[in-house]
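Single-letter residue listing:
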Amino acid sequence: MSDTARAADGDGVQRSSTAVVPTAGTVLSAVALVALLGPVRRGVADPALWAAAAAAFVATGAFFARRHGFLERRLAGSVAAGSSLLTVVCSGYVITQGVLGSVAVPGLEWSISLLFVAFFLATAAVGVGVADRTGVSGQGLFHRLGQTVEMTVLGVAGLVGITVASIFLSIPVQLTGGEGPELAWTVIEYLAFAIGLGGVAVGYLALRERDLSFIDLERPTLRTVGWIVVGLILILGANLGISALMGALGIESSEHTTTQRVVENPDLLYVIIPAMVLVVGPFEELLYRNIVQKSLYETFSRYGAVVVASVVFTLVHILAYATAGAGELLASLSLLFVLSLILGVLYERTENLVVPALVHGCYNAVVFATLLL
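Given the structure is predicted, the values throughout are model-derived calculations rather than measurements.

**Points about helix α2 (residues 47-67)**
- With 21 residues, α2 should reach 30 Å at 1.5 Å per residue; the first-to-last C-alpha distance of 30 Å fits that figure.
- What α2 keeps buried is the set Ala 48, Leu 49, Ala 52, Ala 53, Ala 55, Ala 56, Ala 59, Thr 60, Ala 62, Phe 63, Ala 65 and Arg 66.

Following this line, the structure appears as structure tokens:
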């Protein structure tokens with residue numbers, strides 16, 4: 001093959017690789033738009049639904065124009081990502097108002113929510129839009145997708161680890177007839193939490209042939225204390241501000257399963273509050289920030305890794321907040337995602353596990369301590 005032919009072939013491969021990202025975005029946005037038009041055609045008159053559909057239409061157009069060279073990459077990526085984000089916000093709001101746009105699946109006895117389909121596809125389109133704007137190739141996009149899936153599996157493995165540890169720790173109680181005070185079972189639960197998440201974190205490091213030096217633990221300094229104070233102010237302020245905004249918009253959220261248990265037995269707080277600082281904060285941050293987020297630095301930008309790690313952290317909490325309807329669950333997970341972003345930024349800025357661990361643990365402790373009042 002001549003040099004000219006090879007060059008022409010290389011240009012074709014490059015153009016093909018470049019086209020993968022806007023093509024993927026076009027498909028995601030177009031399907032999201034179709035899903036949103038389902039409830040619209042049924043007569044749902046919520047302005048937020050119409051806004052979501054309009055934003056999805058703009059995102060589809062931006063991706064399509066970028067795919068065919070009508071718009072420059074940075075402009076098209078920015079418009080597509082921004083419009084997709086607006087689709088996520090508006091469709092999410094409609095879901096919190098109890099509108100799901102469910103349709104029956106032919107041949108099966110269950111239905112699927114068109115609005116949730118649009119919500120998740122638009123979320124993916126945001127990522128694709130950002131990737132296109134920053135010049136990520138098709139191969140790079142697939143590599144990032146693969147690592148996101150790997151980290152999600154790792155996050156779920158943490159839940160499995162907790163379950164397995166809980167089973168083994170409860171064997172002595174089961175052998176004595178399975179009877180015991182709920183306080184004792186709560187102690188077992190948090191011991192299993194530490195063993196499960198810690199075991200999965202160490203196991204993953206061993207699998208990737210990394211030693212314990214990968215764990216970012218530094219001796220506390222005045223700077224560390226300052227970041228912890230700032231972090232607590234930010235995370236508590238975000239909680240209060242977002243909760244107030246949700247209240248003003250008529251958005252209800254679901255309760256954590258632990259909160260429901262505390263309402264029935266307030267004495268559990270004497271175990272739960274210290275466990276939040278000594279167990280939950282440190283071990284969740286170990287796995288989801290020091291392992292998941294730090295591993296994502298290899299492929300994503302620093303702040304991209306913060307966002308993806310927060311998505312993983314939010315997804316693994318679905319069962320914990322599945323105490324009410326789909327709208328309430330989504331509202332709680334949205335708040336959790338924002339709080340996770342704060343913890344992720346604290347870890348990214350300090351590169352010290354102590355900071356997000358203590359902020360996370362103290363925040364949880366404060367939330368549960370208010371139940372004593």
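**Thoughts on a nonpolar patch on the surface**
- Side chains of Val 156, Val 160, Val 164, Ile 167, Phe 168, Ile 171 and Leu 175 sit close together on the surface and give an oily, nonpolar patch of about 670 Å² of accessible area.
- Mapped by element, the contributors of at least two residues to the nonpolar patch are α5 (138-169) and α6 (171-175).
- Per-element accounting of the nonpolar patch gives the leading share, 5 residues, to α5.
- The residue Val 164 is located in helix α5 in this model.

**A look at the packing of aromatic side chains**
- On inspection of all chains with the given rule, the structure shows 3 aromatic pairs.
- Ring geometry for Tyr 288 versus Phe 313: centroids 5.5 Å apart, planes at 75°, classification edge-to-face. Pair noted here: Tyr 288 is in helix α10 (residues 269-296) and Phe 313 is in helix α11 (residues 302-315), with a separation of 25 residues, a long-range link. Grouping residues by exposure puts Tyr 288 and Phe 313 together as buried.
- Three or more aromatic residues joined by ring pairs make a cluster, and in this case those are Phe 116, Phe 119 and Phe 120.
- One cation-aromatic arrangement involves Arg 289 over Phe 313; the distance from NZ or CZ to the ring centre is 4.8 Å.
- Taking NZ or CZ as reference, Arg 302 lies 4.2 Å from the ring centre of Tyr 297, over its face.

**Quick word on the nonpolar core**
- By size, the foremost hydrophobic cluster in this structure holds 46 residues, and its most contacted members are Leu 154, Leu 287, Tyr 288, Ile 291 and Leu 296.
- Of all the elements in the fold, those that place two or more residues in this core are α5, α7 (182-207), α10, α11, α12 (318-321), α13 (326-350) and α14 (354-369).
- For this core, the element with the highest residue contribution is α10, accounting for 14 residues.
- Beyond its immediate stretch of four places on either side in the chain, Tyr 288 contacts Gly 155, Leu 197, Gln 293, Ala 309, Val 312, Phe 313 and Val 316.
- With 33 residues, the next largest nonpolar core counts Ala 32, Val 40, Ala 48 and Ala 131 among its residues.

**Re the confidence of the model for the protein chain**
- When pLDDT is averaged along the protein chain, the result is 91, and 94% of the positions lie at 70 or above.
- Every residue in residues 1-15 scores below 50 in pLDDT, and together they form 1 contact with partners more than four places removed in sequence or on other chains.

**Considering the layout of surface pockets**
- If you add up the space inside the second largest pocket, you get close to 1200 Å³.
- Lining the second largest pocket are 44 residues; nearest its centre among them are His 256, His 317, Ala 320, Tyr 321 and Phe 368.
- Counting only elements with at least two residues in the lining of the second largest pocket, the list comes to α5, α7, α8 (222-248), α9 (257-264), α10, α12, α13 and α14.
- Partitioned by chemical class, the residues of the lining of the second largest pocket number 26 nonpolar, 14 polar and 4 charged.

**Thoughts on α10**
- Taking 1.5 Å of rise per residue, 28 residues should cover 40 Å, yet α10 covers just 35 Å from first to last C-alpha, more than 12% shy of that figure.
- At Ala 275, α10 is deflected by roughly 55°, the largest bend along its length.
- Of all 28 residues that make up α10, 22 are buried, and the element is covered over most of its length.

**Quick notes on unusual backbone geometry**
- A positive phi is found at Glu 209, a non-glycine position, where the angle reads about 55°.
- Turning to its location among the elements, Glu 209 is positioned in the loop between α7 and α8.
- Within the chain, Glu 351 stands out as a residue other than glycine whose phi angle is a positive 50°.
- For Glu 351, the position within the fold is in the loop between α13 and α14.

**With respect to the side chain of Ser 295**
- Summarising the element assignment, Ser 295 is placed in helix α10.
- By relative accessible area, Ser 295 is classed as buried at 1%.

**A short note on the side chain of Ser 113**
- Its location among the elements puts Ser 113 in strand β2 (residues 111-113).
- A relative accessible area of 11% places Ser 113 in the buried class.
- Among the polar contacts made by the side chain of Ser 113, one reaches the main-chain amide nitrogen of Phe 116 at a distance of 3.2 Å.
- Once residues within four sequence positions are removed from consideration, Ser 113 is found in contact with Leu 100, Gly 101 and Ser 102.

**Re the packing of α5 against α7**
- It is the contact of α5 with α7, at a shortest axis distance of 7 Å, that shows an interaxial angle of 135°. Overall, the two elements α5 and α7 adopt an arrangement that is oblique. α7 is crossed by α5, and the crossing has right-handed handedness. Along its contact with α5, which presents Glu 150, Met 151, Leu 154, Ala 157, Gly 158, Gly 161, Ile 162, Ala 165, Ser 166 and Leu 169, the element α7 presents Ile 188, Leu 191, Ala 192, Phe 193, Ile 195, Gly 196, Leu 197, Val 200 and Tyr 204.
- Here the contact of α5 with α7 is composed, by residue class, of 14 nonpolar, 4 polar and 1 charged.

Cut-offs applied
Residues numbered from 1 in each chain as written. Predicted model: local features only at pLDDT ≥ 70, side-chain atom pairs only at ≥ 80, totals over all residues. Heavy atoms only, no water. Helix = DSSP H or I, 4+ residues; strand = E, 2+ residues; numbered from the N terminus. Expected span 1.5 Å × (residues − 1). Buried < 20%, exposed > 50% of the residue type's maximum accessible area, 1.4 Å probe, protein only. Patch = residues over 30% accessible without salt bridge, like charges linked within 9 Å, V, L, I, M, F, W, Y side chains within 5 Å. Areas by Shrake-Rupley, 256 points an atom, 1.4 Å probe, with all protein chains shown as cover. Salt bridge = Lys/Arg side-chain N within 4 Å of Asp/Glu carboxyl O. Phe/Tyr/Trp six-rings, centres within 6.5 Å; stacked < 30°, edge-to-face > 60°. Lys NZ or Arg CZ within 6 Å of the ring centre and 35° of its normal. Core = buried A, V, L, I, M, F, W, Y, C linked by side-chain atoms within 4.5 Å. Contact = heavy atoms within 4.5 Å. pLDDT = per-residue confidence, 0-100. 1 Å grid on protein atoms, 1.4 Å probe; cavity = no way out; pocket = protein on both sides within 12 Å on 5 of 7 lines; lining within 4 Å. Points joined across faces, edges and corners; volume = space filled by probe spheres on them. Nonpolar A, V, L, I, M, F, W, Y, C, P; charged D, E, K, R; others polar. Bend = angle between axes of the 7 residues up to and from the residue. Polar contact = N/O pair within 3.5 Å; in protein donor to acceptor, adjacent residues only side chain to side chain. Axes fitted to C-alpha atoms, helices over the stretch in contact; angles between N-to-C directions. Parallel < 35°, antiparallel > 145°, perpendicular 65-115°, else oblique. Left-handed = near helix turned anticlockwise from the far one by under 90°.

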